[in-house]
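Overview (structure and organization)
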Amino acid sequence: MQAKFITFEGLDGSGKSTHLERAADWLETSGLSCRATKEPGGTPLGDALRGVFLDPSWGALDGTVESLVIFASRRQHLLEVIEPALAAGTHVLCDRFTDSTVAYQGHGRGVALDLIERIDAIATGGRVPDHTLLFDLPAEEAHRRGQSTSREVVDRLDAEDLAFYRRVREGYSRLVGAHPDRFTTIDSSGPAERTWRRVQQVLAELLGLEERSLVTDAG
Ligand code: TYD
């Protein structure tokens, strides 16, 4: 089977990053070669840009400036990590990709979607993931988790208000409507173990894993 480029998307606090780490471990254990990575970041240059992007000391940034920083990180990530891994036959699980920019900068900040499309064409050549898992939960719950005082670091985006989270969620829901075959929506408002079982089912189907692996992992 050709290596697949699979992205995990959702609001901050949706649990996608935790499930992505777990999924990468599980796939490796099941004998599949797999690379876990994330955006913004994923390379030394990308990590430096991530630090700039999330730094609360800039205050409110123009959405187009945000998009340009993000796409610089994304191009480096594609060139240095994603495409080489896929070419070597390694599945790539990526925490966020261009759908995040459409949802956050497009719907959240109001950057024109055709401008994002044009930057995307330059930066990635319009690269689209093979499949996307959307971790969905109500904006109120995601916002509550983002504002939680138990979080060690509150970044620039965590500090956004509830209306912003609602616009971003609406942005994701429009993306699902526009690309129903690429997206699988996973309800992540319930217990983490229930979400995990669903992640396993979706990945098993996408990557041709036998049910046996699911049973083994469930113990
Ligand atoms: P993420 O690493 O998922 O958050 P966390 O630090 O909670 O693990 O993403 C960092 C933030 O960057 C998140 O608030 C969403 C934002 N972001 C955008 O606004 N646009 C983008 O294109 C990407 C990739 C991320």
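Let me begin by describing the structure that accompanies this report. (Residues numbered from 1 in each chain as written. Predicted model: local features only at pLDDT ≥ 70, side-chain atom pairs only at ≥ 80, totals over all residues. Heavy atoms only, no water.)

A short note on the packing of aromatic side chains
All told, the structure shown has 5 aromatic pairs when counted by the stated rule. Relative to Trp196, the ring of Trp26 has its centre 6.0 Å away and its plane inclined at 80 degrees; by these criteria the two rings are edge-to-face. Residue Trp26 is found in helix α1 (residues 16-29), and its partner Trp196 is found in helix α8 (residues 192-207); the two are separated by 170 residues along the sequence. Judged by relative accessible area, Trp26 falls into the buried class, the value being 5%. Under the relative-accessibility criterion, Trp196 is labelled buried at 0%. (Phe/Tyr/Trp six-rings, centres within 6.5 Å; stacked < 30°, edge-to-face > 60°. Helix = DSSP H or I, 4+ residues; strand = E, 2+ residues; numbered from the N terminus. Buried < 20%, exposed > 50% of the residue type's maximum accessible area, 1.4 Å probe, protein only.)

Some thoughts on the sheet that holds strand β3 (residues 91-95)
The sheet built from 5 strands is open, its strands ordered β2-β3-β1-β4-β5 with parallel pairing. Unpaired on one side and paired on the other, β2 (34-38) and β5 (183-187) mark the two borders of the sheet. The sheet shows a mean angle of 20 degrees between the axes of neighbouring strands, taken without regard to direction. Bridge analysis of strand β1 (residues 5-10) against β3 gives 4 bridges, and the strand direction is parallel. Note on β3: the bridge partner recorded for Phe5 is Val92. The strands that α8 touches are β1, β3, β4 (131-136) and β5; relative to β5, the one it contacts most, it runs at about 160 degrees. (Pairing = 2+ DSSP bridges. Axes fitted to C-alpha atoms, helices over the stretch in contact; angles between N-to-C directions. Contact = heavy atoms within 4.5 Å.)

Let's talk about the site of the ligand
The environment of the ligand is formed by 18 residues, the closest being Asp12, Arg50, Arg96, Thr101 and Gln105. At 2.8 Å, a side-chain N or O of Arg50 approaches an oxygen atom of the ligand. Taking 550 Å² as the accessible area of the ligand by itself, protein coverage stands at 92%. Of all the secondary-structure elements, those providing two or more residues to the shell around the ligand are α2 (44-54), α3 (63-87) and α4 (98-108). The element that contributes the greatest number of residues to the shell around the ligand is α4, accounting for 4 residues. Among the residues forming the shell around the ligand, the class breakdown is 6 nonpolar, 3 polar and 9 charged. (Near = heavy atom within 4 Å. Polar contact = N/O pair within 3.5 Å; in protein donor to acceptor, adjacent residues only side chain to side chain. Areas by Shrake-Rupley, 256 points an atom, 1.4 Å probe, with all protein chains shown as cover. Nonpolar A, V, L, I, M, F, W, Y, C, P; charged D, E, K, R; others polar.)

Quick word on the nonpolar core
Grouped together as the largest cluster of nonpolar side chains are 23 residues, with contacts concentrated most on Leu11, Tyr104, Leu157, Phe164, Tyr165, Val168 and Tyr172. Contributing elements (two or more residues each) for this core: α2, α3, α4, α5 (113-124), α6 (139-147) and α7 (162-178). Among the elements that line this core, the one with the most residues is α7, at 5 residues. Leaving out residues up to four positions away in the same chain, Leu157 has contacts with Phe53, Leu54, Tyr104, Arg109, Phe164 and Tyr165. Among the nonpolar cores identified, the runner-up in size contains 21 residues, and Phe8, Leu27, Leu93 and Ala204 belong to it. (Core = buried A, V, L, I, M, F, W, Y, C linked by side-chain atoms within 4.5 Å.)

Here we look at the pairing of β1
Of all 6 residues in β1, 6 are buried, a share of seventy percent or more. Alternating residues of β1 divide into Phe5, Thr7 and Glu9 and Ile6, Phe8 and Gly10, and every residue in both groups is buried. Summarising the sheet, β1 and β4 pair through 5 bridges and their orientation is parallel. Each bridged residue has a counterpart across the sheet, and for Gly10 the counterpart in β4 is Phe135.

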